[in-house]
Amino acid sequence: MTTEWWNEAWRQAHAKLSRSLERIGAGYPHASVNGKYLLEEPHWWTAGFWPGMLWLLYEASGDEKFRETAEQCEAGLDRVISEYYKLDHDIGFMWTLTSVARYKLLQAEDAKRRALLAANLLAARFNLRGRYIRAWNPWHAGEDNTGYAIIDSLMNLPLLFWASRESGDPRYRHVAEAHLDTALAHFLRSDGSVYHIVRFDPVSGACAEKLGGQGYAPESAWSRGTAWAIYGFALAYHHTGRRDFLDAAERTANFFIAHLPADKIPPWDFRLPEHVARPKDSSAGACAASGMLMLADMTVQSGAERYRAAATEILKSLYERCGTWDDPAEEGLILHGTGNFPEGQNIDVPLIYGDYFFLEGLGRLKQLQPIFWE
Ligand code: GLY
């Protein structure tokens, strides 16, 4: 019998998620407040993470209850695929962890159709002059964010790579690669940290300004943004074989590792003035760790063992310091996530994407395949 800690962590996560399934069902949880996950409408960017966890559990256990509920969540997204104003670049997160996941596991034709439709909507957000995928739609009347691109989009690109592979049409991956080129040119700093938002002139395509977004300031280093970059560039290398994307993944990972505190759980931003509060963001740690495990499998340099060791340390620390195993009243798996510090939203709570990447990271340690972004 194996005694690896991640097998015990997986067992505990499986038990807790099985209990939560009875209350949450085919809902769309986001942040856990006072022990219970708050449910969102299906157009919200986090809608894929709960079904994504159910697919990971199904993959590992074959238990049909996870499959049935994940399928109901996927069908629920049909309500929003034609909600033109509500869907933005996070289409990738939403349909990769639902339809692409089911297609990879069960080869379901209707899942393939849904995911291809979603990929078309994502590709259509591409600005040809600026060579970026537009992030958001206006949040309120009169707002103009036509020129906004954000680092988070890198995790939406696997849907485009998947669509090209499945359809045989290279258009989708052309869009993904062009957006990645823009990320290399305008988001990645020489020290391996990244900008959250870059605004382009949507008419000329010229870079107009860099914005702090969910980080503390334009020149700070939002930790979850860094995690999106590590994992996004690692996936870009996986899908294209381009060395400049591998180099970017390694540089962002090196920055992340070098700035971790002793307990290996990142603060919400790595570059904060003394007077600013620094709650943790466990979700940044979980996402970066799963990305670094992927990077370790692909990198040919001596860095591989360093990335694997850092990722394993982060996940172990999340398990031991943030895990809710002794609290059956808490639905979240890991505490101490920070959703959006500048806006005062969801600070020091479990977040569904933190839970997802924590479970996925454990899955990687257990050699679970497939991982849906790949
Ligand atoms: N993609 C939104 C976030 O990371 O909060």
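These remarks concern the structure in this document.

Reading guide: rules and limits
Residues numbered from 1 in each chain as written. Predicted model: local features only at pLDDT ≥ 70, side-chain atom pairs only at ≥ 80, totals over all residues. Heavy atoms only, no water. Near = heavy atom within 4 Å. Polar contact = N/O pair within 3.5 Å; in protein donor to acceptor, adjacent residues only side chain to side chain. Areas by Shrake-Rupley, 256 points an atom, 1.4 Å probe, with all protein chains shown as cover. Nonpolar A, V, L, I, M, F, W, Y, C, P; charged D, E, K, R; others polar. Axes fitted to C-alpha atoms, helices over the stretch in contact; angles between N-to-C directions. Helix = DSSP H or I, 4+ residues; strand = E, 2+ residues; numbered from the N terminus. Parallel < 35°, antiparallel > 145°, perpendicular 65-115°, else oblique. Left-handed = near helix turned anticlockwise from the far one by under 90°. Contact = heavy atoms within 4.5 Å. 1 Å grid on protein atoms, 1.4 Å probe; cavity = no way out; pocket = protein on both sides within 12 Å on 5 of 7 lines; lining within 4 Å. Points joined across faces, edges and corners; volume = space filled by probe spheres on them. Buried < 20%, exposed > 50% of the residue type's maximum accessible area, 1.4 Å probe, protein only. Expected span 1.5 Å × (residues − 1). Phe/Tyr/Trp six-rings, centres within 6.5 Å; stacked < 30°, edge-to-face > 60°. Pairing = 2+ DSSP bridges.

### Points about the site of the ligand
Now for step 1: In the neighbourhood of the ligand, the contacting residues comprise Trp-45, Asp-152, Gln-214, Trp-222, Arg-224 and Trp-228.
Now for step 2: Side-chain polar atom of Asp-152 to a nitrogen atom of the ligand: 2.7 Å apart, as the coordinates give it.
Now for step 3: When the free accessible area of the ligand is taken as 190 Å², the share hidden by the protein chains comes to 92%.
Now for step 4: Here the shell around the ligand is built from residues that sort into 3 nonpolar, 1 polar and 2 charged.

### Structural notes on the packing of helix H11 (residues 303–322) against helix H12 (residues 352–365)
Now for step 1: Put simply, H11 and H12 touch, their axes get as near as 11 Å, and they point 125 degrees apart. By the angle class used here, H11 and H12 are oblique. Seen from above, H11 lies across H12 with left-handed handedness. Of the residues in H12, those touching H11 at Thr-312, Leu-315, Leu-318 and Tyr-319 are Phe-358, Gly-361, Leu-362 and Leu-365.
Now for step 2: Among the residues making up the contact of H11 with H12, the classes are represented as 6 nonpolar, 2 polar and no charged.

### Quick notes on the packing of helix H10 (residues 282–298) against H11
Now for step 1: In the contact formed by H10 and H11, the axes pass within 8 Å of each other and the chain directions differ by 150 degrees. In terms of orientation, H10 and H11 fall into the roughly antiparallel class. Of the two possible hands of crossing, H10 and H11 adopt the one that is left-handed. Seen from H10, the contacting residues are Ser-282, Gly-285, Ala-286, Ala-289, Met-292, Leu-293, Leu-295, Ala-296 and Asp-297; seen from H11, they are Ala-304, Tyr-307, Arg-308, Ala-310, Ala-311, Thr-312, Ile-314, Leu-315, Leu-318 and Cys-322.
Now for step 2: Each residue belonging to the contact of H10 with H11 can be placed in one class, and the counts come to 14 nonpolar, 3 polar and 2 charged.

### Description of the layout of surface pockets
Now for step 1: A volume near 710 Å³ is recorded for the largest pocket.
Now for step 2: Only helix H4 (91–106), helix H8 (223–240), strand E8 (337–340) and strand E9 (345–349) provide two or more residues apiece to the lining of the largest pocket.
Now for step 3: Here the lining of the largest pocket is composed, by residue class, of 14 nonpolar, 11 polar and 6 charged.
Now for step 4: In this model, the second largest pocket occupies a volume close to 340 Å³.

### Overview of the side chain of Thr-226
Now for step 1: Its location among the elements puts Thr-226 in helix H8.
Now for step 2: By relative accessible area, which is 0% here, Thr-226 ends up buried.
Now for step 3: Leave out the neighbours within four places in its chain, and Thr-226 touches Gly-192, Val-194, Ala-221, Thr-252, Phe-255, Phe-256 and Phe-270.

### Focus on helix H9 (residues 243–258)
Now for step 1: In this model H9 runs 22 Å from its N-terminal to its C-terminal C-alpha over 16 residues, within 8% of the 22 Å that 1.5 Å per residue would give.
Now for step 2: Listed in full, the buried residues belonging to H9 are Phe-245, Leu-246, Ala-248, Ala-249, Glu-250, Thr-252, Ala-253, Phe-255, Phe-256 and Ile-257.
Now for step 3: Those residues of H9 that are buried are in contact with helix H7 (171–186), H8, H10 and H11.

### A closer look at the packing of aromatic side chains
Now for step 1: Throughout the structure, instances matching the rule amount to 30 aromatic pairs.
Now for step 2: For the pair Trp-268 and Phe-341, a centre-to-centre distance of 4.3 Å together with 20 degrees between the ring planes defines the contact as stacked. With a gap of 73 residues between them, Trp-268 in the loop between H9 and H10 and Phe-341 in the loop between E8 and E9 connect regions that are remote in the sequence.
Now for step 3: According to the relative accessible area criterion, Trp-268 is buried, its value standing at 2%.
Now for step 4: Residue Phe-341 is classed as partly exposed on the basis of its relative accessible area of 23%.
Now for step 5: Taking 5.9 Å as the distance between ring centres and 10 degrees as the angle between the ring planes, the aromatic pair formed by Phe-357 and Trp-373 counts as stacked.

### Focus on empty space enclosed by the protein
Now for step 1: With the rule as written, the count across this model stands at 1 cavity of 30 Å³ or more.
Now for step 2: The space that makes up the largest cavity amounts to roughly 50 Å³.
Now for step 3: Classifying every residue of the lining of the largest cavity gives 7 nonpolar, 4 polar and 1 charged.

### Topic: the pairing of strand E2 (residues 36–39)
The side chains of a regular strand alternate between both faces of the sheet.
Now for step 1: Examined bridge by bridge, strand E1 (residues 29–33) and E2 share 3 bridges and lie antiparallel to one another. Counted as the bridge partner of Val-33 is Lys-36 from E2.
Now for step 2: In textbook terms, the turn of a hairpin is the stretch between consecutive antiparallel strands, and for E1 and E2 this stretch comprises 2 residues, one of which, Asn-34, has a positive phi near 55 degrees.

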